[in-house]
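Residue strings, one per chain:
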Protein chains: 2
Amino acid sequence: MNIVIVGLGVIGGSFAMGLKEAGYNNVFGVDVDEHTLTKAKSLGLIKEGCKTGESFFKEADLTILAIYPKLVKKFIEDNKENFKPGSVITDATGIKEMFIKDIIEILPKNVDFIFGHPMAGREKKGIDFATNDVFKGANYIITPIERNKKENLDLVENIALKMGFKRVKRITPEFHDEMIGFTSQLPHAMAVALINSDEEGRDTGSFIGDSYRDLTRIANINEELWSELFLGNKNNLLKAINNFELELDLIKKAIHDNDKETLMKYFRRSSARREKL
Amino acid sequence: MNIVIVGLGVIGGSFAMGLKEAGYNNVFGVDVDEHTLTKAKSLGLIKEGCKTGESFFKEADLTILAIYPKLVKKFIEDNKENFKPGSVITDATGIKEMFIKDIIEILPKNVDFIFGHPMAGREKKGIDFATNDVFKGANYIITPIERNKKENLDLVENIALKMGFKRVKRITPEFHDEMIGFTSQLPHAMAVALINSDEEGRDTGSFIGDSYRDLTRIANINEELWSELFLGNKNNLLKAINNFELELDLIKKAIHDNDKETLMKYFRRSSARREKL
């Protein structure tokens, strides 16, 4: 099977590593950055690399897109004549509902786009930070649409499992966005707000423990990508933030009222939920 | 030097391990739990253990209190006749201003209480989860008060450094509580609110990545201890929560307004702050 990865950044590069480890040898790479291509080839992650990839797509059974969400549409438009008929495209985009609607409008009928979301990544950008270690034991989501063929859904699922993902769930794009608004985007918004709410000049670094370190790790964030993700899932994210603020306000009220019993009740609930996770 | 640790739970037990590794051999333990004392002794962490400790205190040059904040006052009252004159007491309490005022009122004149806060811990309770690994590279805060002797402040600082703490800062109790409200208590309140704001029955565990895992780790929380800490630092914590909510509301507004530029500005600020940490 011929596979092309478009975008060999931190995610695409990790895919290349995961595929190599899983035994796929005919993997090709497309990236606008010359250094990235050279590095991917010298690491043995791709057989050949190129900046545009038309010739690769004509032979590719599977095209993996690991580029910014807003670039996917342009990529499909630019290459609609180039895809091998009957081939499969998949992606790694963190939002689905609006994104899929956009893509479906322009997608050629002779290719099958399996929309996927590997729930693993790193704060850093670029192939230098790529590692398939983050895939191991992680969750993978596929959001099937009506026109997807079962064998193609199975193909993407099997590759994910071979690369070390622990669970592959198939859910609707709508449910994906609702869940991701809560489990991924809300934590990122919280981390950013936490560190941005620090007052200047307090030498905060001398007064932190693991909790502050853990809760702000993802405040180091790819601003281009995450602003797209936030705005592409606006309503779900706003709902998740509002629900979170309601809970935080309950804690605030209990503190304000010196209500130890109620605080302890919230803590017992959160502990039970965390243990179950 | 004779040292007594009062409370051999997750923190006191970690102290015992840290002291052992640092070469202190005359360490004694006090705990209400028989199993804990047996375990501490069988691990070679204490020379002798006992449930009350009067005889230990009479010989102790340093008494380390690793018990719940509200038990410290009762401990001092019960033992005010027992302390060796000129000896030092220190603690591990996560709040200082109100706490110190309470203690100072009843503290015998012939002992010197050095108030300290090792900024390391675990979510779990009890000696079974104790490990001095959490001390290594961590921050330690001492909040000197007027009656403290310099040599006793230095003693506690040196022991902290010998146990592997990286930085020991001396600050006022007021500043301690302000900083801890922000760096420790706020993250705990956020983690609890995050996991409690999840809706039931969504199989959330299948849709999480490292971010949700990291941000909810401390939602598994000792309810007795943390309700005391929250209420004992009420005003600072409420202020920290309010500042955080203001930042989160800015993010919400930018999302609501589809204002990508502003979102990216917040993300650049948070990334720069996190890198500096």
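Residue numbers run consecutively from 1 along every chain, following the written order of its sequence. Chain letters start at A and ligand numbers start at 1, both assigned in the order the entries are written. Only residues with pLDDT of at least 70 are given local features in this predicted model, and only at 80 or more are side-chain atom pairs given and counted; all residues enter the totals for whole chains, interfaces and linings. As a rule here, side-chain values come from all non-hydrogen atoms in the structure, and water together with hydrogens is ignored.

- Chain A is annotated in an unreviewed UniProt entry as Prephenate dehydrogenase from Clostridium paraputrificum.
- Checking UniProt for chain A, the heading Pathway (unreviewed entry) contains the comment "Amino-acid biosynthesis." UniProt positions are given in the numbering used here, feature names are shortened, and annotations may be inferred rather than shown by experiment.

## With respect to unusual backbone geometry
Residues and elements named next belong to chain A.
Here's step 1: Phi at Asp 203 takes a positive value of approximately 55°, unusual for a residue other than glycine.
Here's step 2: Think of it this way: any DSSP run of H or I at least four residues long counts as a helix, any run of E at least two long counts as a strand, and we number them from the N terminus. Tracing the backbone through its elements, the reader meets Asp 203 in the loop between α7 (173–196) and α8 (210–216).
Here's step 3: Burial classification: accessible surface area is computed with a 1.4 Å probe over protein chains only, and a residue below 20% of its type maximum counts as buried, one above 50% as exposed, and the rest as partly exposed. According to the relative accessible area criterion, Asp 203 is partly exposed, its value standing at 38%.

## Comments concerning the UniProt feature "domain: Prephenate/arogenate dehydrogenase" (unreviewed entry) in chain A
Here's step 1: Mapped onto this structure's residue numbering, the UniProt feature "domain: Prephenate/arogenate dehydrogenase" (unreviewed entry) falls at residues 1–277 of chain A.
Here's step 2: Its end C-alpha atoms 37 Å apart, residues 1–277 of chain A is made of 51% helix and 12% strand.

## Looking at the nonpolar core
Here's step 1: Core analysis: the biggest nonpolar cluster contains 64 residues, and A:Phe244 and B:Phe244 have the highest contact counts within it.
Here's step 2: We call two residues in contact whenever any of their non-hydrogen atoms come within 4.5 Å of each other. Sequence-distant contacts of A:Phe244, that is, excluding residues within four places in its chain, are made with A:Leu186, A:Met190, B:Met190, B:Ala193, B:Leu194, B:Ser197, B:Phe244 and B:Leu248.
Here's step 3: The nonpolar core is taken to be a set of buried Ala, Val, Leu, Ile, Met, Phe, Trp, Tyr and Cys residues, with the residues joined through side-chain atoms within 4.5 Å. Among the nonpolar cores identified, the runner-up in size contains 32 residues, and B:Met17, B:Ile46, B:Ile127 and B:Phe165 belong to it.

## Let's talk about the relation of the copies chain B and chain A
Here's step 1: Here chain B sits on chain A after a turn of 180° about the axis and a move of 0.0 Å along it, with an RMSD of 0.0 Å. Accordingly, the operation relating the two chain copies is best matched by a two-fold axis.
Here's step 2: In this assembly the copies share their binding face: 100% of the residues contributing to the interface of chain B also contribute to that of chain A. A least-squares fit on C-alpha atoms brings the copies together, and the residues used are those whose pLDDT is at least 70 in both copies.

## Some details on the domain arrangement of chain A
Residues and elements named next belong to chain A.
Here's step 1: Domain annotation for chain A reports domain 1 (3–171) and domain 2 (176–275).
Here's step 2: All the domain ranges listed were derived from an automatic or database domain assignment. Averaged C-alpha coordinates put domain 1 and domain 2 at centres separated by 31 Å.
Here's step 3: With 16 residues of domain 1 at the contact, the number on the domain 2 side is 15 residues.
Here's step 4: Take the accessible area each of two parts loses on contact, using a 1.4 Å probe, and add the two losses: that sum is the buried area. Note on domain 1 versus domain 2: buried area summed over both sides is about 1400 Å², and carbon and sulfur give 60% of it.

## Looking at helix α5 (residues 97–106) of chain B
All names here are of chain B.
Here's step 1: The set of residues buried in α5 consists of Phe 99, Ile 100 and Ile 103. The arc enclosing the buried residues of α5, seen along the axis, measures out at 95°, which places them on a common side. Exposed residues on α5 whose side chains face more than 90 degrees from its buried face are Lys 101 and Glu 105.
Here's step 2: Residues of α5 that are buried in the fold lie against α4 (69–79), β5 (88–91), β6 (112–114) and α7 (173–196). In this description, the arc belongs to the directions extending from the helix axis to the C-beta atoms.

## So, the packing of helix α9 (residues 223–231) of chain A against helix α11 (residues 260–276) of chain B
Here's step 1: For helices, the fitted axis covers only the stretch in contact; all axes are lines through C-alpha atoms, and the angles between them, taken along N-to-C directions, range from 0 to 180 degrees. For the pair α9(A) and α11(B), the least separation of the axes is 9 Å and the interaxial angle reads 130°. By the angle between their axes, α9(A) is oblique relative to α11(B). In this structure, α9(A) crosses over α11(B), and the sense of that crossing is right-handed. Contacts between α9(A) and α11(B) involve A:Glu223, A:Glu224, A:Trp226, A:Ser227, A:Glu228, A:Phe230 and A:Leu231 from the first element and B:Lys260, B:Leu263, B:Met264, B:Phe267 and B:Arg268 from the second. Roughly parallel means an angle under 35 degrees; roughly antiparallel means over 145; roughly perpendicular covers 65 to 115; every other angle is labelled oblique. What makes a crossing left-handed is the near helix being turned counterclockwise from the far one by less than a right angle; a clockwise turn instead makes it right-handed.

## Examining the confidence of the model for chain A
Here's step 1: Each residue gets a pLDDT score, which is the predictor's confidence in that residue and runs from 0 to 100. Of all residues in chain A, 100% attain a pLDDT of 70 or more, and the chain-wide mean is 95.
Here's step 2: Taken over the whole predicted complex, pTM reads 0.89, whereas the ipTM for its chain interfaces reads 0.89.

## Observations regarding the side chain of A:Asn222
Here's step 1: With respect to the element layout, A:Asn222 can be found in the loop between α8 and α9.
Here's step 2: The contacts of A:Asn222, once residues within four sequence positions are left out, are A:Tyr68 and A:Lys125.

## Let's talk about helix α6 (residues 150–162) of chain A
Given 3.6 residues per turn, any residue in an α-helix points the same way as the ones three and four places further on.
Residues and elements named next belong to chain A.
Here's step 1: For α6, built from 13 residues, the straight-helix expectation of 18 Å at 1.5 Å per residue is met to within 8% by its first-to-last C-alpha distance of 18 Å.
Here's step 2: Taken together, the buried positions of α6 are occupied by Asn 152, Leu 153, Val 156, Glu 157, Ile 159 and Ala 160. Along the long axis of α6, the arc covered by the buried residues comes to 160°, so they all point the same way. Turned more than 90 degrees away from the buried face of α6 sit Lys 150, Glu 151 and Lys 162, all of them exposed. In this scheme, a helix's expected span is set at 1.5 Å multiplied by one less than its residue total.

## As for the environment of A:Phe165
Residue and element names in this part refer to chain A.
Here's step 1: By the secondary structure assignment, Phe 165 is in the loop between α6 and β9 (167–170).
Here's step 2: Since its relative accessible area comes to 3%, Phe 165 is described here as buried.
Here's step 3: The spatial distance from the C-alpha of Phe 165 to the C-alpha of Asp 210 is 27 Å, given a sequence separation of 45 residues.
Here's step 4: The residues contacting Phe 165, other than those within four sequence positions of it, are Pro 118, Met 119, Ala 120, Phe 135, Gly 137, Ala 138, Asn 139, Tyr 140 and Ala 160.

## A few points about the pattern of salt bridges
Here's step 1: Salt bridge, as used here: a side-chain nitrogen of Lys or Arg that lies within 4 Å of a carboxyl oxygen of Asp or Glu. Under the definition given, this model contains 51 salt bridges over all chains.
Here's step 2: With a closest N to O distance of 3.0 Å, A:Glu224 and B:Lys260 form a salt bridge. With A:Glu224 in helix α9 and B:Lys260 in helix α11, this pair bridges two chains.
Here's step 3: One salt bridge connects B:Asp257 with B:Lys253, and the closest N-O pair in it is separated by 2.6 Å.
Here's step 4: In this structure B:Asp257 comes out as partly exposed when scored by relative accessible area, which is 40%.
Here's step 5: Since its relative accessible area comes to 51%, B:Lys253 is described here as exposed.
Here's step 6: Each of the salt bridges in this network shares a partner with another, and the network as a whole consists of A:Lys150, A:Asp154, A:Glu157 and A:Arg170.

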